[in-house]
Amino acid sequence: MTRRYFLPADTTAGALGADALAEQLQGALHEGETVVRNGSRGAFWLEPLLEVEEGGERIAFGPLDGRQLGELLATDYTQWREHESCLGPVAQLPWFKAQTRLTFKRAGIDDPLCLDGYLAQQGFEGLEHALHLAPEDIVEEVLRSGLRGRGGAAFPAGIKWRTVAEASAEQKYIVCNADEGDSGTFADRLLMEADPYQLIEGMAIAGLAVGATRGYIYLRSEYPRTWEVLHRAIAKAEAAGYLGDNISNSNRAFHLELRIGAGAYICGEETAMLESLEGKRGMVRAKPPLPALEGLFGQPTVVNNVLTLAAVSTVLADGAEAYAALGIERSKGTLCLQLAGNTKRGGLLEVPFGMSVREVVEQLGGGTRSGRPIKAIQAGGPLGAYLPESAWDTPLDYEAFAGIGGMLGHGGLVVFDDTADMAAQARFAMAFCAEESCGKCTPCRVGSTRGVEVIDKIIARENPTANMTLLEDLCDTMEHASLCAMGGLTPHPVRSAMTYFPEDFCKDVGEV
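What counts as what
- Residues numbered from 1 in each chain as written.
- Predicted model: local features only at pLDDT ≥ 70, side-chain atom pairs only at ≥ 80, totals over all residues.
- Heavy atoms only, no water.
- Axes fitted to C-alpha atoms, helices over the stretch in contact; angles between N-to-C directions.
- Helix = DSSP H or I, 4+ residues; strand = E, 2+ residues; numbered from the N terminus.
- Parallel < 35°, antiparallel > 145°, perpendicular 65-115°, else oblique.
- Left-handed = near helix turned anticlockwise from the far one by under 90°.
- Contact = heavy atoms within 4.5 Å.
- Phe/Tyr/Trp six-rings, centres within 6.5 Å; stacked < 30°, edge-to-face > 60°.
- Buried < 20%, exposed > 50% of the residue type's maximum accessible area, 1.4 Å probe, protein only.
- Pairing = 2+ DSSP bridges.
- Right-handed = clockwise from strand over helix to strand, strands pointing away.
- Salt bridge = Lys/Arg side-chain N within 4 Å of Asp/Glu carboxyl O.

J.: Help me out: how do you make sense of the packing of helix α17 (residues 422–436) against helix α21 (residues 491–500) in this one?
T.: For any two helices packed against each other, one specifies the inter-axial angle together with the distance between the axes. Between α17 and α21, the shortest axis-to-axis distance is 8 Å and the interhelical angle comes to 165°. As far as their axial angle goes, α21 and α17 are roughly antiparallel. As α17 packs across α21, the resulting crossing turns out to be left-handed. Residues Met422, Ala426, Ala429 and Met430 of α17 lie in contact with α21, whose contacting residues are Pro493, Val494 and Ala497.

J.: What should I look at first to understand the packing of aromatic side chains in this one?
T.: What describes a pair of aromatic rings is the distance from one ring centre to the other and the angle between the planes of the rings. For the structure shown, the criterion picks out 16 aromatic pairs. Consider the rings of Phe124 and Tyr197, whose centres lie 6.4 Å apart with planes at 55°: the pair is tilted. Within this pair, whereas Phe124 is found in the loop between α5 (115–120) and α6 (125–130), its partner Tyr197 is found in helix α10 (residues 196–210), the two being separated by 73 residues in sequence. The exposure class of Tyr197 is buried, given its relative accessible area of 0%.

J.: What's the story with unusual backbone geometry in this structure? I'm lost.
T.: Leaving glycine aside, a negative phi is the common case for residues, and trans is the common case for peptide bonds. With omega at 5°, the peptide bond leading from Lys287 into Pro288 counts as cis. As for its position among the elements, Pro288 is in the loop between α12 (270–277) and β9 (301–305). The backbone phi angle of Gln122 is positive, close to 75°, even though this residue is not glycine. Considering the arrangement of structural elements, one finds Gln122 in the loop between α5 and α6. Its identity as a non-glycine residue notwithstanding, Asn463 has a phi of 45°, on the positive side. Mapped onto the fold, Asn463 is located in the loop between α18 (442–459) and α19 (464–481).

J.: How do you make sense of the sheet that holds strand β3 (residues 50–54) when you look at a structure like this?
T.: Within a beta sheet, neighbouring strands are joined by backbone hydrogen bonds and run either parallel or antiparallel to one another. An order of β2-β1-β3-β4-β5 is seen for the 5 strands of this open sheet, with the pairing classed as mixed. The open sheet has two free edges, formed respectively by β2 (33–36) and β5 (86–89), since each of these has just one partner strand. Along the sheet, successive strands turn relative to each other by an average axial angle of 20°, direction set aside. Looking at chain direction, β3 and strand β4 (residues 57–61) are connected through 5 bridges and run antiparallel. Residue pairing across strands places Glu53 opposite Arg58, the latter belonging to β4.

J.: Before we go on, may I ask you to explain the pairing of β4 in this structure?
T.: For β4, the buried fraction is high: 4 of the 5 residues fall into the buried class. The pairing of β4 with β5 spans 3 bridges and is classified as antiparallel. By the bridge assignment for β5, Ala60 is matched with Gly88.

J.: Looking at this structure, I do not really get the pairing of strand β8 (residues 255–260). What am I missing?
T.: Two faces make up the sheet, and in a regular strand the side chains alternate between them. By the bridge criterion, 6 bridges tie strand β7 (residues 214–219) to β8 in an arrangement that is parallel. Looking across to β8, one finds that Tyr218 is bridged to Arg259. For the segment spanning β7, helix α11 (residues 224–239) and β8, crossover handedness is right-handed.

J.: What is the right way to look at the pattern of salt bridges in this model?
T.: A side chain of one charge can pair with a side chain of the opposite charge when the charged atoms of the two come close. Scanning all chains against the criterion turns up 36 salt bridges. Among the ionic pairs, Glu222 bridges to Arg220, the shortest N-O distance being 3.0 Å. With relative accessibility at 45%, the residue Glu222 sits in the partly exposed group. Overall, the relative accessible area of 21% leaves Arg220 in the partly exposed class. Ionic pairing is found between Glu278 and Arg285, a salt bridge with its closest N-O pair at 2.9 Å. Summarising the burial analysis for this pair, Glu278 and Arg285 share the class buried. Taken together, the shared-partner salt bridges connect Glu275, Glu278, Lys280 and Arg285 into one network.

Structural measurements only, silent on function.
Structure, rendered in structure tokens:
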């Protein structure tokens, strides 16, 4: 009987030993057996995750090491399900059953570079549908879906597209911001490594919608394995006619290039990224003009992140109504979360909008890895607020989070147990801003440096009351006067730590 073994080839699985396991397995194959290097499903707490397919069923084993794989290979396959690492049928694992996989429905199923595999799973159906629509109808479909930017700002994608579509220019561009720099986030990388054609398809659809014939993926420099996957996927898509001068024999063109980022967090800000793409130092531009009107090389440009553009393929394939039906209120579709930090079951989760933070972290995440009580959860990356327990029942949607002074951002959730020092975390936020600021505006450049100094004085019990007041004033200046979100959002984690965990700053503030 034919038997296939699946071992993920993505960055995380490779770092945890999947490449060595694949070599070990390859050397022990019998006739009719093959090894497929699939994309990860995002269950990083189970990596390396081996899946064995026989008779149409896939059985999971993990997290697996070389010793355990050796034991399996030395045993008759009929006894494998008795092994300590056997998890049972993949489709029945509770961690996956609790999710609603939409954007990541193909992740982990097959070799991410297998074009036939992508086509067999609804791949390029969205693009084929878009080719039969007028550009304005494509934009309208995205508008009706309610898709909002998944990069952090949550701006409606359709409105941005309509602005670019209505602009008059001989050349327009689609730029994918894949410079995923937030601590605790990895969804962009996982999608590009597990399902790269989905991103390519979404960018081609965006080009058709707004009249752009060229696109660029600005990829984080720390993602070498991602670069290799994307480079090969783009070449295969071109050879198959899904990119180039004549997409699917439609006489419509879209060319796509992959560019490596400059290694700076600030280049995750759209205008700094555009500066970097043009070969300049990545520094924030003043707005207006908006990139939608004067973006890359001064031309109208759609700038979206990986998850936003990938979701477009689903919207066009299944229809706007089907996509919007999965959301609540103004938060449509599904939410891709990355659970990291002190968590028992870290990885990529795709859930319906409306679940609470507590449900995600305690039920899906299994609580802390240390087994100690959770103290704080940071949502939205290093510029997001530290949430106390009183906020954990907040539903995961954009407006609800804004209502408590938080943000979903790129969907990162970082968990801290009760041993965490939140004053140190507030200092980290300021120090991160000082390190990563482009330096163009004074509130961000100087304010963050002074912020670190002031927090150090508070921690040292040096005139804490006056310095807490000074820190509040400094946060006000940064929030309201910074040129971009880098300086404007840094006060969020600092203030939340001060407000909800004052005991970590200075227990004797009231006595001074």
